[in-house]
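Below, each chain spelled out in residue letters.
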Amino acid sequence: MLLVHLSDVNEADWISRLAALLGDYPIVSRNDRFNPDDIRYVFVWKPLENAFEGLNNLKAILSLGAGVDALLRHPNLPRSVPIVRFVEDDLTRCMSDYVVANVTMHHRCFTRYRRDQRARNWSQYYPPAARNTCVGIMGMGVLGQDAAKRLLALGFEVRGWSRSPKDMQGVESFSGPDQFEKFLGGTDILVDLLPLTPETENILNYEMFLKLRRGRLRDGPVIINAARGGHQVEADIVRALGDGTLGAASLDVFQTEPLPPDSPLWELDNCYITPHIAAISSPQSGAAYFANVVLDHEAGKPLLNVVDVERGY
Ligand code: NDP
Ligand code: OXD
């Protein structure tokens, strides 16, 4: 039996789509009456503290989020049960759309020309060609690699940084803490697609911004964070955007969400804020993914996209 426990999203929509795909396989919500011993899979988003209580026969926990940092901090998470995270083409494409939109906007000096427009100022400055602009992607997993492909197709120079080296045609690979500075030193536009772990917390800080390449983008290097707010030291971003260490920032995620009304980030015209919408796990395409996880596993196939709990992603 599959138990659905989704907070803050349209749980009923997920249940009806899953039920249609699961055929005879039983599905319940936390408001239904059921015997906890019958639950083999639990599908969660922002699970309450008692979400796993009595679920002694779990085969897998299904995470609506692609990122599992919050789930891994759940105080009562059954640590021995495998977690399957969301990996799906629509979500991946949406994320790459967000990355492409923001990279191209900054590459073409949107901030400068918007300021000039407001001042009725006609000042010709030609941005460097895409091939002379390097996008550095932190996190070369499912999302980072797709974004890299899309940016390569647009002619950008692309480099990636991850824990282990990657062999991707056209992308210069950097790995581990030892190669981080070198990676940053050739990056004009930094895209963050890392998971949030103890190693990546606060990684977007002032010291790090100083290591990005200067001189290619006239108004300074740019950061784009579509990963997790826990990566960014927001006071440092405000300072760097104000003193020219950074030319601009696009932020989809924040230390506190929703971003509090008194955050100084709202005021900065070189900070582009979106409310954690870069990519969504949508029921339209996501239900098929999770229904297959259950049906395939029941048919004896191995679970895919299982989180490494020790690594934290
Ligand atoms: P993956 O697990 O596929 O990829 C993670 C990448 O980060 C891997 O390349 C990994 O390296 C690298 N990495 C992890 N830790 C480190 C480290 N300490 N140093 C260097 N590299 C590291 O994740 P996804 O691509 O699927 O997703 C990335 C993140 O995007 C999610 O964790 C989530 O937080 C965020 N996200 C945000 C959304 C939004 O709407 N804003 C939507 C969906 C996801 P290696 O390859 O060597 O393991
Ligand atoms: C996710 C997210 O991790 O939406 O899926 O941020």
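These numbers come from a predicted model, not from an experiment. (Residues numbered from 1 in each chain as written. Chains lettered and ligands numbered in written order. Predicted model: local features only at pLDDT ≥ 70, side-chain atom pairs only at ≥ 80, totals over all residues. Heavy atoms only, no water.)

Novice: Just to check I follow, could you spell out the pairing of strand 10 (residues 222-225) for this structure?
Specialist: Regular strands place their side chains on alternate faces of the sheet. Across the two faces of strand 10 the burial is the same, with V222 and I224 and I223 and N225 all buried. Alignment of strand 9 (residues 189-192) against strand 10, held across four bridges, turns out to be parallel. What sits directly across from I189, in strand 10, is V222. Judged from the four bridges that link them, strand 10 and strand 11 (residues 248-251) form a sheet pairing that is parallel. Residue V222 lies in a different strand from strand 11, and its bridge partner there is A248. Read as a crossover between parallel neighbours, the route from strand 10 over helix 8 (residues 234-243) to strand 11 is right-handed. (Buried < 20%, exposed > 50% of the residue type's maximum accessible area, 1.4 Å probe, protein only. Helix = DSSP H or I, 4+ residues; strand = E, 2+ residues; numbered from the N terminus. Pairing = 2+ DSSP bridges. Right-handed = clockwise from strand over helix to strand, strands pointing away.)

Novice: Help me understand the site of ligand 2, please; the structure alone is not making it clear to me.
Specialist: In the vicinity of ligand 2, the contacting residues are G65, A66, G67, R228, H276, A279 and S281. G67 places a polar main-chain atom, nitrogen or oxygen, 2.8 Å from an oxygen atom of ligand 2. At a separation of 2.7 Å, an oxygen atom of ligand 2 approaches a polar side-chain atom of R228. Starting from 210 Å² of accessible surface for ligand 2 in isolation, the protein chains cover 84%. Looking at side-chain class alone, the shell around ligand 2 contains two nonpolar, four polar and one charged residues. (Near = heavy atom within 4 Å. Polar contact = N/O pair within 3.5 Å; in protein donor to acceptor, adjacent residues only side chain to side chain. Areas by Shrake-Rupley, 256 points an atom, 1.4 Å probe, with all protein chains shown as cover. Nonpolar A, V, L, I, M, F, W, Y, C, P; charged D, E, K, R; others polar.)

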